[in-house]
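Examining the three-dimensional arrangement
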Amino acid sequence: MSEENEFKVVATVNTKGGPGKTTLTKILISSALASHVDVVFFDADSSRNLIRWKERSEKAGTWPEEAKGYHVTTAAELFAKLNELQKSGFDGVVFIDTAGEANDANFAIIENADYVVIPIGLGIEAIETSKETLDAVKDHLATLPDDERGSVSMVRNNVPRVLTKGTQAIFDEIGKIPECTESYIRFHNDILIWTDQGPLYTMFNDRAVDKKNQTRRLHAKNTLAILEEGIDVINELMSEDEA
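The structure contained in this document is the topic of the report that follows. This one's a predicted model, so the numbers in the text were calculated from it and none came from an experiment. (Residues numbered from 1 in each chain as written. Predicted model: local features only at pLDDT ≥ 70, side-chain atom pairs only at ≥ 80, totals over all residues. Heavy atoms only, no water.)

Section: the packing of helix α1 (residues 21-34) against helix α2 (residues 49-60)
Using the following cut-off: Note on geometry: axes are C-alpha line fits, over the in-contact stretch for helices, and angles between N-to-C directions span 0 to 180 degrees. Secondary structure elements are defined from DSSP: runs of H or I of at least 4 residues count as helices, runs of E of at least 2 residues count as strands, and each element is numbered from the N terminus. Angles below 35 degrees are treated as roughly parallel, those above 145 as roughly antiparallel, those between 65 and 115 as roughly perpendicular, and all remaining angles as oblique. Left-handed describes a crossing in which the near helix is turned anticlockwise from the far one by less than a right angle; the clockwise case is right-handed. Two residues form a contact once any of their heavy atoms are found within 4.5 Å. For this scheme, ten residues count as nonpolar: Ala, Val, Leu, Ile, Met, Phe, Trp, Tyr, Cys and Pro. Four count as charged, namely Asp, Glu, Lys and Arg, and the remainder, Gly too, count as polar.
Interhelical geometry of α1 versus α2 gives an angle of 50° and a closest axis separation of 10 Å. One element, α1, and the other, α2, form an angle in the oblique class. In this structure, α1 crosses over α2, and the sense of that crossing is right-handed. Across the interface between the two elements, T22, T25, K26, I29 and S30 of α1 pack against N49, L50 and W53 of α2. Along the lines of polarity and charge, the residues of the contact of α1 with α2 split into three nonpolar, four polar and one charged.

Below you can see the structure in the form of structure tokens.
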């Protein structure tokens, strides 16, 4: 990514569906907003799952006005909007949820991202898909000059809250991959009922003010745990890049 851009671009990538690419993007967006970072996201996936999340949240009245999101159908459309952001002086974080496939548009996005994030689950098929994606991304970035390459990271996603001996071994083995972050995202039941709630930080703030309802307070505590994990991932991505 050119150093002329004041904002940072985070692209979540995987060549197939399954490892939780869009869910991870939602968590990172929510965590950035909870940290009072200006956010713009682009849904470049034909499934439109990310932009539908925003649309449902707007109908429910829980989408924050300061967070902007757009669906784009081509790389050219995306880059045109990024140029507009640059001219506007935007200095926050841009999140891009890419299509779940290997194509020229995705590689163009990868070339222009400061941080390429590849989610990886603990299932055998998800692991293989994510490793293939990692190899493809690294091979492509190797064709670029050193000063034009973004960083590449793998994030363990949907990690069971309680690990068996077998899943612990898989978790540890994935952690040995040089690009794997120390931080990770656990599976939370809250995420399953989250789709109409908007960014998690909005749900946390709404529920946290209700001191009389024990269930709502408990829900807020779980939501905060998700946000903290997302913030840990973002901090690790950006601290490694600065190092």
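Having seen the structure, we can now continue with the description.
Concerning the pairing of strand β2 (residues 39-43)
Quick note on the threshold: Relative accessibility decides the category of a residue: with a 1.4 Å probe and only protein chains considered, values under 20% of the type maximum give buried, values over 50% give exposed, and everything between is partly exposed. Any two strands with at least two DSSP bridges between them are considered paired.
Within β2, five of the five residues are buried, leaving the element largely enclosed by the surrounding structure. By the alternation rule, side chains of β2 split into V39, F41 and D43 and V40 and F42, which are all buried. In the sheet, β2 pairs with strand β4 (residues 93-97) via five bridges, with the strands oriented parallel. Looking across to β4, one finds that V40 is bridged to V94. With four bridges connecting them, β2 and strand β3 (residues 68-71) associate as parallel partners. Within β3, the position partnered with D43 by the bridge is H71.

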